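Geometric and topological summary
For reference, the chains in residue letters:
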Amino acid sequence: ACTGIENIDEAITLLEQNNWDLVAAINGVIPQENGILQSEYGGETLQGPAYGPTSHSAAASSAPSSSSAFRHVVPSRQIVERQPRMLDFRVEYRDRNVDVVLEDSSTVGDIKHILENELQIPASKMLLKGWKTGDVDDSTVLKTLHLPKNNSLYVLTPDLPPPSSSHSGALQESLNQNFMLIITHREVQREYNLNFSGSSTIQEVKRNVYDLTSIPVRHQLWEGWPPSATDDSMTLAVSGVNFPCHRLTVGRRSSPVQTREQSEEQCTDVHMVSDSDGDDFEDATEFGVDDGEMFGVASSALRKSPMMPENAENEGDALLQFTAEFSSRYGDCHPVYFIGSLEAAFQEAFYGKARDRKLLAIYLHHDESVLTNVFCSQMLCAESIVSYLSQNFITWAWDMTKEANRARFLTMCTRHFGSVVAQTIRTQKTDQFPLFLIIMGKRSSNEVLNVIQGNTTVDELMMRLMAAVEIFSAQQQEDIKDEDEREARENVKREQDEAYRISLEADRAKREAQEREMAEQFRLEQIRKEQEEEREAIRLSLEQSLPPEPKEESTESVSKLRIRTPSGEFFERRFLASSKLQVVFDFVASKGYPWEEYKLLGTFPRRDVTQLDPNKSLLEVKLYPQETLFLEAKE
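Let me sum up the structure you'll find in this document. (Residues numbered from 1 in each chain as written. Predicted model: local features only at pLDDT ≥ 70, side-chain atom pairs only at ≥ 80, totals over all residues. Heavy atoms only, no water.)

A word on the overall build of the chain. When you go through the chain residue by residue, the secondary structure sums to 17 helices and 21 strands. For the chain, the proportion of its 635 residues judged to be buried stands at 40%. Counted over contacts in the chain with a minimum sequence separation of 6, partners at least 24 positions apart contribute 63%. For the chain, the computed accessible surface area is about 35,600 Å², with 49% contributed by carbon and sulfur atoms. (Helix = DSSP H or I, 4+ residues; strand = E, 2+ residues; numbered from the N terminus. Buried < 20%, exposed > 50% of the residue type's maximum accessible area, 1.4 Å probe, protein only. Contact = heavy atoms within 4.5 Å. Areas by Shrake-Rupley, 256 points an atom, 1.4 Å probe, with all protein chains shown as cover.)

Written out as structure tokens, the structure reads:
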């Protein structure tokens with residue numbers, strides 16, 4: 001009515017260029033000198049026309065009345081100083097994990113510079129992977145990626161030699177391999193053969209499938225991924241898919257039946273009404289627009305797709321749809337909603353270490369409330385609120401629009417918070433939604449600190465959140481103190497138990513050493529006894545095998561030998577001169593001096609008799625008629 005623009009696509013384009021600020025969009029179209037458009041909210045004076053000269057209805061009205069019409073459309077805007085939002089990154093490189101904390105105004109290059117100091121790897125050699133939005137460059141500002149509080153990334157260094165470890169080498173080899181994924185589109189029974197490198201993530205595969213099948217990632221239902229593929233940021237190399245080929249099947253998640261034309265209308269209308277619902281169109285008739293038709297589009301086409309499916313079996317899947325629909329309506333700058341059941345949110349918020357605990361914020365959405373659109377777009381998506389919630393809260397959401405979902409939440413509420421809180425929520429009227437419940441976990445129960453209704457401002461919402469955090473911080477300090485004291489007691493007990501264990505092990509080791517020593521002594525004694533018995537047996541055998549000693553009056557030539565032992569004792573014996581030298585050796589061995597251990601030495605001249613041929617006779621070796629020999633132990 002003001003600008004004369006009748007093309008809906010052109011109007012929506014102008015609004016999107018001006019971030020859905022209606023006054024700014026109109027001022028951008030109509031020349032500045034035609035007038036001043038003033039907003040009574042916040043005291044701003046905006047340059048622009050009082051009315052559009054090309055519209056018949058506007059030309060007939062006065063400037064003040066036209067200005068009044070604008071005031072109803074302009075949403076109130078609160079100027080809140082933006083606090084820096086801190087992002088946590090856990091970066092994995094081979095067998096190391098590096099934690100990096102940065103403001104969201106930093107760039108990807110800043111992360112690489114920090115990693116360069118930690119990992120001693122040039123930033124130019126790094127490939128930083130794991131981004132949910134695909135590949136980015138070093139100049140990309142983190143804020144533009146709309147990242148959650150906690151993020152997981154990994155570093156690839158294809159230009160650097162792999163480590164000596166065989167595991168790391170195999171992983172690097174897998175990252176460089178090409179995987180063929182044979183993907184069957186279930187609904188149309190069509191097969192796609194797609195090649196991906198091992199460094200590609202599962203999320204990248206799903207985005208490529210979206211380009212081929214037009215099934216959004218959040219609506220894709222997969223079959224065939226290995227059990228180890230639990231995270232979309234995981235690379236194919238480590239996901240467990242078969243090499244070189246792996247078969248997968250994809251289809252669309254079941255949803256309410258709708259025609260293709262209805263789907264297209266919905267997709268168009270979500271963009272058209274995302275920031276222009278509720279109060280923004282309250283006085284649309286002042287622009288000459290009928291309640292049943294808005295910008296030439298039937299009101300039936302303005303219906304949004306539901307935030308959450310009715311009678312959803314799995315709360316995690318319902319929250320996935322809620323998050324996706326919330327992003328499509330209000331943009332990517334919104335609280336990071338916890339994906340999972342309410343019980344899982346309790347575990348995440350309340351049951352970790354005292355230092356890691358947070359408050360639980362439960363956002364209750366209602367599409368039929370006139371406050372919902374303003375609360376979501378102006379308060380809940382304000383950067384200061386998003387940052388504060390990310391740092392201090394676990395945020396969980398539920399849609400109360402459908403009666404079945406409302407009844408289900410009230411049942412959960414009764415179970416976890418009691419009937420009083422459930423009754424309080426049950427009595428809330430539709431126009432009092434959305435609600436924001438602040439929950440603090442205590443030792444024996446969960447306490448609802450605050451119930452914030454939708455008719456609030458950014459400043460008031462922030463103040464109430466800060467008040468809840470202040471109460472929680474006081475309780476948290478007590479919990480930390482109790483936990484530290486308990487851990488100190490447990491540490492003392494562990495140290496005592498460890499000292500007792502070490503003492504027992506020392507006693508056991510000492511006892512085992514004594515037992516081993518006794519066993520070794522017994523073994524050596526047994527060996528000694530066996531050797532002595534063996535020697536005695538040999539000695540007796542040799543003694544029995546000796547020829548009889550000839551008598552002095554024997555008519556045969558007799559040699560008389562006198563042998564001195566190492567201890568100084570002497571023993572004598574007569575041998576036939578014709579006897580072999582071996583007989584002398586056997587005689588000496590029978591006395592306990594085996595010739596393998598002792599040598600038999602002659603005196604004049606000094607010689608080693610044991611070196612002579614034992615088969616020669618005593619006469620031949622000149623041990624006749626008599627000789628004195630002495631024994632000496634061999635070295």
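Turning to the pairing of strand β7 (residues 178-185), a few remarks are in order. Among the eight residues that make up β7, six are buried, leaving the element largely enclosed by the rest of the structure. Where β7 and strand β8 (residues 190-197) come together, eight bridges link them in antiparallel fashion. Considered in β8, the bridge of Met180 is made with Asn195. Where β7 folds back on β8, the antiparallel hairpin that results is connected by four residues, among which Gln189 adopts a positive phi of roughly 50 degrees. Sheet topology places β7 next to strand β10 (residues 245-252); six bridges connect them, and they run parallel. In the strand pairing of β10, Ile182 is matched with Arg247. (Pairing = 2+ DSSP bridges.)

In protein chemistry, a disulfide is the covalent bond that joins the sulfur atoms of two cysteines. Taken as a whole and assessed by the stated rule, the structure comprises zero disulfides. Looking at Cys376, it has no disulfide partner, and the nearest cysteine sulfur is the one in Cys381, 6.5 Å off. Overall, Cys376 belongs to the buried group, its relative accessible area being 0%. Here Cys381 stays unpaired: no disulfide links it, and the sulfur of Cys333, its closest cysteine neighbor, is 6.5 Å away. Judged by its relative accessible area of 10%, Cys381 falls in the buried class. (Disulfide = S-S within 2.5 Å.)

So, about the sheet that holds strand β3 (residues 86-93). Read from one edge to the other, the open sheet built from four strands follows the order β4-β3-β6-β5, with strand pairing classed as mixed. Edge strands, defined here as strands with exactly one partner in the open sheet, are β4 (96-103) and β5 (127-129). Sheet twist, expressed as the average angle between the axes of neighbouring strands with direction ignored, equals 30 degrees. Where β3 and β4 come together, eight bridges link them in antiparallel fashion. Bridging from a neighbouring strand, Arg90 pairs with Asp99 of β4. Relative to the sheet, helix α5 (residues 108-119) contacts β3, β4, β5 and β6 (150-156), its axis offset from that of β4 by approximately 140 degrees. (Axes fitted to C-alpha atoms, helices over the stretch in contact; angles between N-to-C directions.)

What follows concerns the pattern of salt bridges. Scanning the model with the defined rule gives 29 salt bridges in all. The salt bridge involving Asp99 is made with Arg90; its shortest N-O contact spans 2.9 Å. Salt-bridge contacts for Arg539 lead to Glu536; the nearest nitrogen and oxygen are separated by 2.7 Å. With Arg539 and Glu536 both in helix α16 (residues 458-545) and three residues apart, this pair spans about one turn of that helix. One continuous salt-bridge network, built from bridges that share partners, spans Glu325, Arg329 and Asp367. (Salt bridge = Lys/Arg side-chain N within 4 Å of Asp/Glu carboxyl O.)

Let us look at the packing of aromatic side chains. Enumeration over the complete set of coordinates arrives at 20 aromatic pairs. Ring centres of Phe326 and Tyr337 lie 5.4 Å apart, and the angle between their planes is 75 degrees; this geometry places the pair in the edge-to-face category. Of this pair, Phe326 sits in helix α10 (residues 315-330) while Tyr337 sits in the loop between α10 and α11 (342-350), and the two are 11 residues apart along the sequence. There is no split in this pair, since Phe326 and Tyr337 are both buried. Relative to Phe587, the ring of Phe571 lies with its centre 5.5 Å away and its plane at 70 degrees, an arrangement referred to as edge-to-face. Linking Phe571 in strand β18 (residues 570-576) with Phe587 in helix α17 (residues 581-590), this pair joins segments that are 16 residues apart in sequence. Note on accessibility: Phe571 and Phe587 belong to one class, buried. Members of the aromatic cluster, joined through ring pairs, are Phe322, Phe326, Tyr330, Tyr337, Tyr363, Phe375 and Phe436. In this structure, Arg562 is placed above the aromatic ring of Phe570, and the distance from its NZ or CZ to the ring centre is 3.9 Å. (Phe/Tyr/Trp six-rings, centres within 6.5 Å; stacked < 30°, edge-to-face > 60°. Lys NZ or Arg CZ within 6 Å of the ring centre and 35° of its normal.)

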